[in-house]
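What follows is each chain in one-letter form.
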Amino acid sequence: MSRVAVKRRILRVKDTVRIPKIDSLAAEEPLEIRLDGTPLTVTMRTPGDDFDLAAGFLVSEGAVRAAADIATIRYCAGATADGGNTYNVLDVRLAPGVAAPKPRNFYTTSSCGVCGKASLEAVRTVARWSAGDDPVELAQPTVATLPDRLRAAQRVFDRTGGLHAAGLFTSGGEPLCVREDVGRHNAVDKLLGWALRNDRLPLRGTVLMVSGRASFELVQKAVMGAIPVLAAVSAPSSLAVELAAEEGLTLIGFLRGSSMNVYTGERRLSVTPAAGYGSAGTRPPG
């Protein structure tokens, strides 16, 4: 299935020149996730890697922690009134003894996956692993390469310019998996689902690089996957920094070239000394 981009006729206007052309748009469609036939949630996403998305969502909700916790994932046939398959409805069957998360009574937009949580305390899902005690160390020059490495892997972004990206990297900067989606939280869930289905959880010693800002929910997803480092090209929110500090994550924002702000967990970053910083060179730029 390939529906990640949609062609649309548009009018290109520049100064006094008007040119009809065909443009590529990032696809956005609903995905309903069911558990044993019972609706659980609906999220707006870019089609593709849907099984990873469903599995990662369940990791984020604290429902599963290993591939064996999921018995099957399948598209639901007869999803439409005429019996057709839209490939927009997934049914997940958990393994015997695995408790299902509570259904959500709303849909999740592509811009925010936390909005329907009843309260902040409900979002603070109890993690199955601790990322705070991960001893991984990162060299500043390696971290500085991550935005370009993530951008190089954004195949659909090159065609549409309208997708977020999330990538998992080793501490040495090597890419493990990259996913794109109209929703930044979906892109991260797709990574978590990939890790679950490939028996890679917990994701110790890895770095999560995201193309936008670092929200509370992205930190929470990193916590659920035991990812010790989250880096973003834009700003974190105050609540994201608070949660990262509580959980012992290294949170990096405004990662652009050799410049970055280290908000929490600076112990993991080996920073090259600069003039006026002294020999330790551990003061984060700001």
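Right, let's walk through the structure included here. (Residues numbered from 1 in each chain as written. Predicted model: local features only at pLDDT ≥ 70, side-chain atom pairs only at ≥ 80, totals over all residues. Heavy atoms only, no water.)

### Some points on the packing of aromatic side chains
Given two aromatic rings, one states the distance between the centres and the angle between the planes to describe the pair. Condition: Stacked, tilted and edge-to-face are the three classes assigned to paired rings of Phe, Tyr and Trp, where Trp is represented by its six-membered ring and a pair needs centres within 6.5 Å; plane angles under 30 degrees give stacked, over 60 edge-to-face, the rest tilted. Secondary structure elements are defined from DSSP: runs of H or I of at least 4 residues count as helices, runs of E of at least 2 residues count as strands, and each element is numbered from the N terminus. Accessible area is worked out with a 1.4 Å probe on protein chains only. A residue is then buried under 20% of its type maximum, exposed over 50%, and partly exposed in between.
Under the counting rule described, the total for this entry stands at two aromatic pairs. Ring centres 5.3 Å apart and planes at 40 degrees place the aromatic pair phenylalanine 51 and tyrosine 75 in the tilted group. In this pair, phenylalanine 51 is assigned in helix 1 (residues 50–60) and tyrosine 75 in strand 5 (residues 70–75), connecting sequence segments 24 residues apart. For tyrosine 75, a relative accessible area of 22% puts it in the partly exposed group. Plain terms: the ring middles of tyrosine 75 and tyrosine 87 are 5.0 Å apart, the flat faces sit at 80 degrees to each other, and that makes the pair edge-to-face. Of this pair, tyrosine 75 sits in strand 5 while tyrosine 87 sits in the loop between strand 5 and strand 6 (89–94), placing them twelve residues apart in sequence. Judged by relative accessible area, which is 37%, tyrosine 87 ranks as partly exposed.

### Notes on the nonpolar core
Using the following cut-off: Among buried residues, those of type Ala, Val, Leu, Ile, Met, Phe, Trp, Tyr and Cys that are joined through side-chain atoms within 4.5 Å constitute a nonpolar core. In this analysis, two residues are considered to be in contact whenever any of their non-hydrogen atoms come within 4.5 Å of each other.
Leu58, Ile70, Val92, Leu208 and Val219 are the most contacted members of the largest nonpolar core, which totals 48 residues. When residues of this core are assigned to their parent elements, the largest contribution, seven residues, is made by helix 5 (residues 184–197). Setting aside its immediate chain neighbours within four residues, valine 92 contacts Ile33, Arg34, Leu35, Asp36, Ala54, Leu58, Ile70, Thr72 and Ile73.

### A short note on the pairing of strand 13 (residues 250–256)
Where we set the bar: Here, strands pair whenever DSSP counts at least two bridges between them. Every crossover in which the path from the first strand over the helix to the second runs clockwise, viewed with the strands pointing away from the viewer, is termed right-handed.
Burial of strand 13 is extensive: five of the seven residues sit out of reach of the surface. With three bridges connecting them, strand 12 (residues 229–232) and strand 13 associate as parallel partners. The residue bridging valine 229 from the neighbouring strand is threonine 250, located in strand 13. In this fold, the crossover linking strand 12 to strand 13 by way of helix 7 (residues 238–247) has right-handed handedness. Note: strand 13 against strand 14 (residues 259–264), four bridges, orientation antiparallel. Bridging across to strand 14, arginine 256 finds its partner in serine 259. The hairpin turn running from strand 13 into strand 14, its antiparallel successor, is two residues long, and glycine 257 in that turn takes a positive phi close to 65 degrees.

### Digging into the sheet that holds strand 11 (residues 206–210)
Quick reminder of the rule: For helices, the axis comes from a line fit to the C-alpha atoms of the stretch in contact; other axes are also lines fit to C-alpha atoms, and the angle between any two N-to-C directions lies between 0 and 180 degrees.
Taken together, the six strands give an open sheet; going across it, the order is 10-9-11-12-13-14, and neighbouring strands pair in mixed fashion. In this open sheet, the two edge strands, each paired with only one partner strand, are strand 10 (175–181) and strand 14. Recorded for the sheet is a direction-independent mean angle of 20 degrees between the axes of neighbouring strands. Relative to strand 9 (residues 164–170), helix 3 (residues 140–152) is tilted by about 140 degrees, and along the sheet it contacts strand 9, strand 10, strand 11, strand 13 and strand 14.

### Section: the packing of helix 6 (residues 216–224) against helix 7
Stated formally: For classification, angles of less than 35 degrees are called roughly parallel, those exceeding 145 degrees roughly antiparallel, those between 65 and 115 degrees roughly perpendicular, and all remaining angles oblique. Left-handed is the label given to a crossing in which the near helix is rotated counterclockwise from the far helix by less than a right angle, and right-handed is the label when the rotation is clockwise. Gly falls in the polar group here, along with every residue not listed as nonpolar (Ala, Val, Leu, Ile, Met, Phe, Trp, Tyr, Cys, Pro) or charged (Asp, Glu, Lys, Arg).
Their axes nearest at 8 Å, the elements helix 6 and helix 7 cross at an angle of 20 degrees. On the basis of the axis angle, helix 6 is roughly parallel to helix 7. Considering the relative orientation of helix 6 and helix 7, their crossing is right-handed. Here Phe216, Val219, Gln220 and Val223 of helix 6 lie close against helix 7, whose contacting residues are Leu239, Ala240, Leu243, Ala244 and Glu247. Here the contact of helix 6 with helix 7 is composed, by residue class, of seven nonpolar, one polar and one charged.

### Here we look at the pattern of salt bridges
The criterion, for reference: Basic side-chain nitrogens of Lys or Arg form a salt bridge, by our definition, when they fall within 4 Å of a carboxyl oxygen of Asp or Glu.
Applying the stated criterion across every chain yields a total of twelve salt bridges. Across the pair lysine 190 and aspartate 181 runs a salt bridge, and its minimum N-O distance is 2.7 Å. There is no split in this pair, since lysine 190 and aspartate 181 are both buried. Where salt bridges share partners, they join Asp49, Asp52, Arg179 and Arg197 into one cluster.

### Describing helix 6
Summarising burial for helix 6: nine of the nine residues are buried, a large majority. Inspection of helix 6 places Phe216, Glu217, Leu218, Val219, Gln220, Lys221, Ala222, Val223 and Met224 among the buried residues, and these make up the whole buried set. Looking at the residues trailing helix 6, positive phi occurs at alanine 226, about 60 degrees.

### Observations regarding the pairing of strand 9
Buried residues dominate strand 9, accounting for five of its seven residues. Hairpin connection between strand 9 and strand 10: a loop of four residues separates the two successive antiparallel strands, and glycine 173 in this loop has a positive phi of roughly 90 degrees. Alignment of strand 9 against strand 11, held across five bridges, turns out to be antiparallel. When the sheet's bridge partners are listed, threonine 170 is paired in strand 11 with threonine 206.

### Remarks on unusual backbone geometry
Put simply, leucine 201 and proline 202 share a cis peptide bond, and its omega is -5 degrees. Following the sequence through the fold, proline 202 ends up in the loop between helix 5 and strand 11. Backbone geometry at aspartate 15 places phi at a positive 55 degrees, although glycine is not the residue there. Its location among the elements puts aspartate 15 in the loop between strand 1 (5–14) and strand 2 (17–26).

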